Amino acid sequence: MFDIKWISANPEAFDAALAKRGQSPLSASLISLDEKRRAIVTELNSVQEKRNTSSKQIGQAKAQKDESRAAELMAEVAGLKDRLAELDASEKALTEELRNALSGIPNIPLVEVPEGVDEHDNQPYFRPNESEATRPAKPNLHFAPKEHYELGERMGGMDFEGAAKLSGSRFVILKGQIARLERAIGQFMLDLHVNEHGYTEVQPPLMVRDEALFGTNQLPKFEEDLFFVPHGDSRLGLIPTAEVPLTNLVRESILSEGELPLRFTALTPCFRSEAGSAGRDTRGMLRQHQFNKVELVSITTPETSGDEHERMLTCAEEVLKRLGIHYRVMTLCTGDMGFGAQKTYDIEAWLPGQNTYREISSVSVCGDFQARRMDARYRDADGKPQFVHTLNGSGVAVGRALIAVMENYQNADGSISIPSALQPYMGGITKIGG
RNA sequence: GGAGAGAUGGCCGAGUGGUCGAAGGCGCACGCCUGGAAAGUGUGUAGGCGGGCAACCGUCUCGAGGGUUCGAAUCCCUCUCUCUCCGCCA
């Protein structure tokens, strides 16, 4: 969410940034709405001031038993009442209107983000001294590779038809060695981030209030992507990603600069209705209503969020390096970025069965966009509260990592070798389904 | 599910209609004291919003929302959350 003061001070910059996102200019209407609001607030304050002074004088008059003076003042204050109620109501309405308008505007991209309309304009990302060769190579398969669901169904470890009987489409039942492999991948990634990358492990609630979903931008615009369960007279939302509870850990608080950065990680189920993706990726477990994911969240100062973004990308990449899975990193273009992001890197894993790259992680820096929605601040060197910066990234999606391991480590006979990094989590075995 | 208690500043805790954003203590910051430190001592120490170049002024906030009143932390209503006991339960 944007600061209306910043928009007022930089209307051209704001509209230009919106244009990069393919949005029409909004500064003029927002500024005039804010001016209306401020005029009301100013008048409201002065009427309140009048009421407060008179009320104090009434108290003094009564203390001095000057009943006629008191009655006179009371009549005066009574005359302010209607106006006061009127101003109060319109102040609330205008503030609400402004907040609604602001909360529907997507974050603006950092200057270095490439401009573009969709995923075709995303750009490969390499650091200096980095190339395809410095990343794990594609597997050398001397046979026609199968897709993960063929491999999984063949060994009785993936049951889509059974899941459909229980829950409909976009669910899967994992069994036996595949279920264990999925668990091993999650544990491996969580341990990596906790033990080597300095993240604090968290087990958050999987059901959250609307306020939390507003904080991380799922509401109000993306309600149809979520599942809700009734709760009393209200409801709770099933988290579509652990980004929601982890980021909201700092909501409505003022942190000290010394405790930043905060780094949280969690392995949780995620629930998505996939309302907008009917017909896409219907085969297999690439796109499910429920899947496990290891999430990374960082809370930083404004000065350090850029470096933290690079660091977080490194943490997510390390998963694929240890698993020995070929991947590429893409800088998302302005048209393909999520609503709350200033800049996003996607990590795409190579899937031999599909003969293509598929997104396995998305790492975003949000600036103070979410912090404003959550009212999450820290005290800077001058002791003044400032909004924190928030970052989130998958580290990585467990279901998709399972797909990647299966397809990249498949053998001609349909068995799957276990990457060495996962063997300790699999009781030391080196192959399943053989 | 039944019965009861409670929610005040970073923390503890006073405050049952007027000058209370709020005593006192702790913590923290700065100063004095000291060779240095401790102890002692003095001062300061919430956030939002509006106005102002600023100093500053005003306003709102004592869980949230509404009401009574000239005036509410204090009275009334609704909600949320926390705690205790009983029941049930992984």
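The structure presented is a predicted model; accordingly, all values stated were derived computationally and were not measured.

The helix and strand inventory of chain A stands at 13 helices and 18 strands. If you line up chain A on its principal axes, its C-alpha atoms span 100 × 50 × 40 Å. For chain A, the proportion of contacts with a sequence separation of at least 24, taken over those separated by at least 6, is 72%. As displayed, chain A has an accessible area near 20,400 Å², and 49% of this comes from carbon and sulfur atoms. Looking at charge distribution, chain A has the averaged site of its 49 positive side-chain charges lying 3 Å from that of its 62 negative ones.

Glancing now at the pattern of salt bridges. All chains considered together, the criterion is met by 24 salt bridges. The salt bridge partner of R69 is E72, with a shortest N-O separation of 3.3 Å. Of the two residues, R69 and E72 both sit in helix α4 (residues 67–78), three residues apart, roughly one turn of that helix. Classification of R69 by relative accessible area gives partly exposed; the value is 33%. Its salt-bridge partner being D281, residue R287 comes within 2.9 Å of it at the nearest N-O pair. What makes R287 buried here is its relative accessible area of 12%. Taken together, the shared-partner salt bridges connect R127, E130, R135 and E317 into one network.

So, on to the domain arrangement of chain A. You can read the domains of chain A as domain 1 (4–103) and domain 2 (119–432). Contact residues are listed per partner, giving four residues for domain 1 and eight residues for domain 2. Taken over both partners, the interface formed by domain 1 and domain 2 buries close to 570 Å², and the fraction arising from carbon and sulfur atoms is 39%. Inspection of the domain 1/domain 2 interface yields zero salt bridges. Across the contact surface, domain 1 and domain 2 share five residue pairs in polar contact (both at pLDDT 80 or more). A class-by-class count of the residues in the side of domain 1 that touches domain 2 yields no nonpolar, one polar and three charged.

A few words now on the protein's contact with RNA strand B. Every one of the 21 residues lining RNA strand B counts as a neighbour, but T42, N45, Q48, R51 and S55 are closest to it. Taking the atoms of RNA strand B that fall within 4 Å of the protein, sugar and phosphate contribute 78% of them. One of the side-chain N or O atoms of K92 is found 3.0 Å from a phosphate oxygen in RNA strand B. Those elements that provide at least two residues to the surface near RNA strand B are α3 (27–63), α4 and β14 (376–379).

Right, let's talk about α4 for a bit. Across its twelve residues, α4 extends 16 Å between first and last C-alpha, which sits within 8% of the 16 Å expected from 1.5 Å per residue. Of the surrounding elements, those touching the buried residues of α4 are α3 and α5 (81–103).

In terms of nonpolar packing, the biggest core is built from 50 residues, with L181 and I185 touching the most fellow members. No other element matches the eight residues that helix α8 (residues 176–195) contributes to this core. One finds I31, L87, V208 and F369 within the second-largest nonpolar core, a separate group that totals 31 residues.

Closest axis-to-axis distance for the helix α2 (residues 11–20)/α3 pair is 9 Å, and the angle between their directions is 135 degrees. Here α2 lies oblique to α3, going by the angle between them. Mapping the contact onto sequence places P11, F14 and D15 in α2 and S27, L30 and I31 in α3. Here the residues of the contact of α2 with α3 are counted per class, giving four nonpolar, one polar and one charged.

The next point concerns the environment of S420. Here S420 shows up in the loop between β17 (416–417) and β18 (431–432). The exposure class of S420 is exposed, given its relative accessible area of 58%. Taking the C-alpha atoms as reference, S420 lies 7.6 Å from T430; in sequence the two are ten residues apart.

Of the residues in chain A, 100% reach a pLDDT of 70 or more, and the chain-wide mean stands at 93. Among the scores for the predicted complex, ipTM is 0.84 and pTM is 0.92.

With that settled, the discussion passes to the sheet that holds strand β5 (residues 207–208). Within the open sheet, the three strands sit side by side as β5-β7-β6. Their pairing is antiparallel. For this open sheet the edge positions go to β5 and β6 (228–231), each flanked by a neighbour on one side alone. Judged from the four bridges that link them, β6 and strand β7 (residues 234–238) form a sheet pairing that is antiparallel. Within β7, the position partnered with P230 by the bridge is R235.

Conventions we followed
- Residues numbered from 1 in each chain as written.
- Chains lettered and ligands numbered in written order.
- Predicted model: local features only at pLDDT ≥ 70, side-chain atom pairs only at ≥ 80, totals over all residues.
- Heavy atoms only, no water.
- Helix = DSSP H or I, 4+ residues; strand = E, 2+ residues; numbered from the N terminus.
- Contact = heavy atoms within 4.5 Å.
- Areas by Shrake-Rupley, 256 points an atom, 1.4 Å probe, with all protein chains shown as cover.
- Lys, Arg positive; Asp, Glu negative; His and termini not counted.
- Charge placed at Lys NZ, Arg CZ, Asp CG, Glu CD.
- Salt bridge = Lys/Arg side-chain N within 4 Å of Asp/Glu carboxyl O.
- Buried < 20%, exposed > 50% of the residue type's maximum accessible area, 1.4 Å probe, protein only.
- Domains from an automatic or database assignment.
- Buried area = accessible area lost by both parts, 1.4 Å probe.
- Polar contact = N/O pair within 3.5 Å; in protein donor to acceptor, adjacent residues only side chain to side chain.
- Nonpolar A, V, L, I, M, F, W, Y, C, P; charged D, E, K, R; others polar.
- Near = heavy atom within 4 Å.
- Expected span 1.5 Å × (residues − 1).
- Core = buried A, V, L, I, M, F, W, Y, C linked by side-chain atoms within 4.5 Å.
- Axes fitted to C-alpha atoms, helices over the stretch in contact; angles between N-to-C directions.
- Parallel < 35°, antiparallel > 145°, perpendicular 65-115°, else oblique.
- pLDDT = per-residue confidence, 0-100.
- Pairing = 2+ DSSP bridges.

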